[in-house]
Structure formats: structure tokens, C-alpha cells
Amino acid sequence: MNLLHRRFTAHMSALALVIATACSAPAFSGEFNASVNISDKAVAEETGLPVYPGAQTIPGKRSDADAANVQFSIGEYGLKVVAVKLMSSDSREKVAAFYQDALTRFGKVLDCTNAVPEERRQRSKKSREITCEGERAGRNGYLFKAGLRSNQRVVAIEQKGDSTMISLVHVEVRGLD
């Protein structure tokens, strides 16, 4: 299962938690808003990360795993996941160095490629810190994370033949703090 699918599944579980929390909230009077937006028209810029120089969207028939922009909101609770897949002819090491640097603007960069046990350990539910728990790079790949649990960026890099595949993901969760 690729990173985009794993992240989507994990965040659908978070959505279920959001819905359960919203539905169990005390009764209120007034307005209540809910919305769902799902699109395969996401572009890399929507992740907040730069496009690797020369990288392109995957040519040929587009599959539903190449890009996604999924947004759910229920009252003050919400989840937004933007994911885009690109490819480059440069080496995975060169691409990895570029994204490690690009991620620094979002805080400490976790290298989940070969994470030490401390980085894989689950933090308390109140912690805003991200971890590498349950995440690992694909074979011969890299996996980096930066940000907070409620607003994080994830970059996965894998070699596929002569191409380097790049997955950029932005996950934002509102109202669970």
C-alpha cells in the first residue's frame, strides 16, 4: 500500500473521531455547518511544498492515486489532506536533500527512513509533536515529516526504474486540540 493510501486511511479514521466528537457534543441552538469536498485536481503548491526543479506529474493515464484534495468539516472540526505525486529523472538522494531543506520552514524535520526508536515512539494524545510511529519509507526510499500533528507535511521518495517518485502530502486537522 503506498504512502498516499496509508495516509488517507489513517485520516479517514481521524474523520470518524471528528464526527463522533461532534455528534456527542452537548445540544445547542443555532447553525451547524458540515461540508465534504473531494477532488483529484490537487497541485503540488497546495501542499505548501515547492515542486522539485524539473519534476513533472506522472505522464500517461492518470490514476486516482496521483493527486487528491480531500476536505471535511463538521462545525469547528475539520480535516484537510492534499496529496500529489510527481516524478523526476534526478537521483533519489538529490531529491531527498532538496526536500529535507524545504521542510525546515515547517520546523524540525524527522527522517522516518531509518527512524530511531525515540522518533517512532507514540507521544501522549495531548502532545502536538509529530512522530514516525507507523510510518516507514518504501524499499530504497526516503520518508520525511515536519510540522505539528495538527498541521504537518510529509514527503516520500522512492526509486522506480530510472525515475524518482515523489509524494508530497499536507495534513491539517482542526478542532481536536
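Right above here is the structure, for reference.
Residues numbered from 1 in each chain as written. Predicted model: local features only at pLDDT ≥ 70, side-chain atom pairs only at ≥ 80, totals over all residues. Heavy atoms only, no water.

## Re the packing of aromatic side chains
With the rule as written, the count across this model stands at three aromatic pairs. With a centroid separation of 5.9 Å and an interplanar angle of 20 degrees, the aromatic rings of Tyr142 and Phe144 are classed as stacked. On the accessibility criterion, Phe144 (1% relative accessible area) is buried. (Phe/Tyr/Trp six-rings, centres within 6.5 Å; stacked < 30°, edge-to-face > 60°. Buried < 20%, exposed > 50% of the residue type's maximum accessible area, 1.4 Å probe, protein only.)

## Some words on the pairing of strand β3 (residues 67-74)
In terms of residue burial, β3 counts as a mostly covered element, since six of its eight residues are buried. Pairing of strand β1 (residues 34-39) with β3, which is carried by six bridges, proceeds in the antiparallel orientation. Counterpart to Val36 in the pairing with β3 is Phe72. Two elements, β3 and strand β4 (residues 77-88), share eight bridges in a ladder whose sense is antiparallel. Counterpart to Ala67 in the pairing with β4 is Val84. (Helix = DSSP H or I, 4+ residues; strand = E, 2+ residues; numbered from the N terminus. Pairing = 2+ DSSP bridges.)

## What about the environment of Val70?
Considering the arrangement of structural elements, one finds Val70 in strand β3. C-alpha of Val70 to C-alpha of Ala42: the two residues are 28 residues apart in sequence and 9.1 Å apart in space.

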